[in-house]
Amino acid sequence: MIRVLLADDHPLVRQGMRAVLDAVGDIEVAGEAGDGREAVRQAVELRPDVIVMDLQLPALHGIEATRQIHSQVPDAAVLVLTMFEDDATVFAAVRAGALGYLVKGADGADIVAAICAAAAGQPVFGAALAGRLRTWFASPPPQDSPFPELTARERDVLDHLAAGLSNAEIGRHLHLSSKTVANNISAILAKLHLTQRSQAIIRARDAGLGRPR
């Protein structure tokens, strides 16, 4: 029996996934989590064989949840199931410890097959993603990019913010209006689940951002 934890913030998605998996005789849904922190907690408590992980989760982003689960429950396989298929997100998930990566829209049979493969320790990727991974691993791996949930522009703004620049100064450096900078900072705080820019500065500096200017 393969025990599965479903981590997705949409109850209807979890309900649909459970219905698909309940119809399979050798797969048991051991638990459900609606946010990243709960996914980590349940993974530690339930010790499932496979965690089906969305990435855009509240409380804790799915990539960071994957990293924590991989560290605390190394025998559990994380199978990412998300709508994002850009290279940066795929590679960040793999570096965080995901064993497989599927894009939402995959049919039930593909998801079941992927869960069975992940439970057996086999990496699982769609054909297009597998080709991109082969190309990536054939060349020197890029340095890990902190905060993969942020866009490149948001990371630039955060980098300048961590260097101690004001909104106006960031705008001059990046050729943005102060309003655009403020909007980017609001998005950064929301994505990192922070409430104050001082918290973002601390997180960014801990990750190595904030080079002197």
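Before reading on, note that the structure itself is shown above.
These numbers come from a predicted model, not from an experiment.

S.K.: How should I be thinking about the environment of Val124 in this particular structure?
M.R.: The residue Val124 is located in strand β6 (residues 124–125) in this model. When the C-alpha atoms of Val124 and Ser178 are compared, they prove to be 44 Å apart, with 54 residues separating the residues in sequence. Setting aside chain neighbours within four positions, we find Val124 in contact with Leu79, Leu99, Gly100, Tyr101, Leu102, Ala114, Ala117 and Ala118.

S.K.: Is there a simple way to explain the packing of helix α3 (residues 62–72) against helix α4 (residues 87–96) in this structure?
M.R.: The description of two packed helices rests on the angle between their axes and on the distance between the axes. Their axes nearest at 8 Å, the elements α3 and α4 cross at an angle of 20 degrees. Compared by their axis directions, α3 and α4 come out roughly parallel. In this structure, the crossing between α3 and α4 has a hand that is right-handed. On α4, the residues touching Ile63, Thr66, Arg67 and His70 of α3 are Thr89, Ala92, Ala93 and Ala96.

S.K.: Could you clarify how one ought to interpret the pairing of strand β3 (residues 50–53) in this entry?
M.R.: Across the two faces of β3 the burial is the same, with Val50 and Val52 and Ile51 and Met53 all buried. Where strand β1 (residues 2–7) lies against β3, 4 bridges are found, and the strand directions are parallel. Bridging from a neighbouring strand, Val4 pairs with Val50 of β3. With 4 bridges connecting them, β3 and strand β4 (residues 77–82) associate as parallel partners. Opposite Val50, over in β4, you have Ala77 as the bridge partner. Each parallel crossover has a hand, and for β3 linked through α3 to β4 it is right-handed.

S.K.: Just checking my understanding: could you explain helix α5 (residues 108–119) for this structure?
M.R.: Compared with the 16 Å implied by 1.5 Å per residue over 12 residues, the 16 Å span of α5 between its first and last C-alpha is a close match. Within α5, burial applies to Ile111, Val112, Ala114, Ile115, Ala117 and Ala118. Residue Gly121 follows α5 closely and has a positive phi angle near 85 degrees.

S.K.: Help me understand the pattern of salt bridges in this model?
M.R.: Oppositely charged side chains may form a pair once their charged atoms are brought near each other. For the coordinates displayed, the defined rule picks out 9 salt bridges. Close ionic contact of Glu32 with Arg18 constitutes a salt bridge, the shortest N to O distance being 2.7 Å. Here the residue Glu32 occupies a position in strand β2 (residues 27–33), and Arg18 occupies one in helix α1 (residues 11–22), the gap between them amounting to 14 residues. For Glu32, a relative accessible area of 26% translates into the label partly exposed.

S.K.: Any chance you could explain the sheet that holds β6 here in plain terms?
M.R.: Whenever strands of a sheet pair, they do so through backbone hydrogen bonds, lying parallel or antiparallel. A sheet is described by the order of its strands in space; here 6 strands give the open sequence β2-β1-β3-β4-β5-β6, paired in parallel fashion. Bordering the open sheet on either side are β2 and β6, each of which pairs with just one other strand. Taken together, the 4 bridges between β4 and strand β5 (residues 100–103) define a ladder with parallel strand orientation. By the bridge assignment for β5, Val80 is matched with Tyr101. Against the sheet, α1 engages β1, β2, β3 and β4, with an angle of about 165 degrees to β2.

S.K.: Whenever I open this one, the side chain of Glu149 confuses me. Can you help?
M.R.: Within the secondary structure, Glu149 sits in the loop between α6 (127–138) and α7 (152–162). The buried charged residue Glu149 lacks any salt bridge partner; its closest oppositely charged side chain belongs to Arg203, at an N-O distance of 5.0 Å.

S.K.: Is there a simple way to think about the nonpolar core in this case?
M.R.: The tendency in soluble globular proteins is for nonpolar side chains to be buried side by side. Counting residues in each nonpolar core, the largest one holds 26 residues, and the members touching the most others are Ala7, Ile51, Met53, Ile69, Val80 and Tyr101. Contributing elements (two or more residues each) for this core: β1, α2 (36–46), β3, α3, β4 and α4. It is α4 that provides the largest number of residues to this core, a total of 5 residues. Discounting chain neighbours no more than four positions away, the residues touching Met53 are Ala7, Ala39, Gly62, Ala65, Thr66, Ile69, Val78, Leu79, Val80 and Leu81. Membership of the second largest hydrophobic core comes to 20 residues, among which are Ala77, Leu81, Ala118 and Val124.

S.K.: Help me understand the pairing of β1, please; the structure alone is not making it clear to me.
M.R.: Each regular strand carries side chains that alternate between the two faces of the sheet. In terms of burial, β1 is largely enclosed, as 5 of its 6 residues are buried. Pairing geometry for β1 and β2, over 6 bridges, is parallel. Bridging from a neighbouring strand, Leu6 pairs with Glu32 of β2. Handedness of the crossover joining β1 and β2 through α1 is recorded here as right-handed.

What counts and what doesn't
Residues numbered from 1 in each chain as written. Predicted model: local features only at pLDDT ≥ 70, side-chain atom pairs only at ≥ 80, totals over all residues. Heavy atoms only, no water. Helix = DSSP H or I, 4+ residues; strand = E, 2+ residues; numbered from the N terminus. Contact = heavy atoms within 4.5 Å. Axes fitted to C-alpha atoms, helices over the stretch in contact; angles between N-to-C directions. Parallel < 35°, antiparallel > 145°, perpendicular 65-115°, else oblique. Left-handed = near helix turned anticlockwise from the far one by under 90°. Buried < 20%, exposed > 50% of the residue type's maximum accessible area, 1.4 Å probe, protein only. Pairing = 2+ DSSP bridges. Right-handed = clockwise from strand over helix to strand, strands pointing away. Expected span 1.5 Å × (residues − 1). Salt bridge = Lys/Arg side-chain N within 4 Å of Asp/Glu carboxyl O. Lys, Arg positive; Asp, Glu negative; His and termini not counted. Core = buried A, V, L, I, M, F, W, Y, C linked by side-chain atoms within 4.5 Å.

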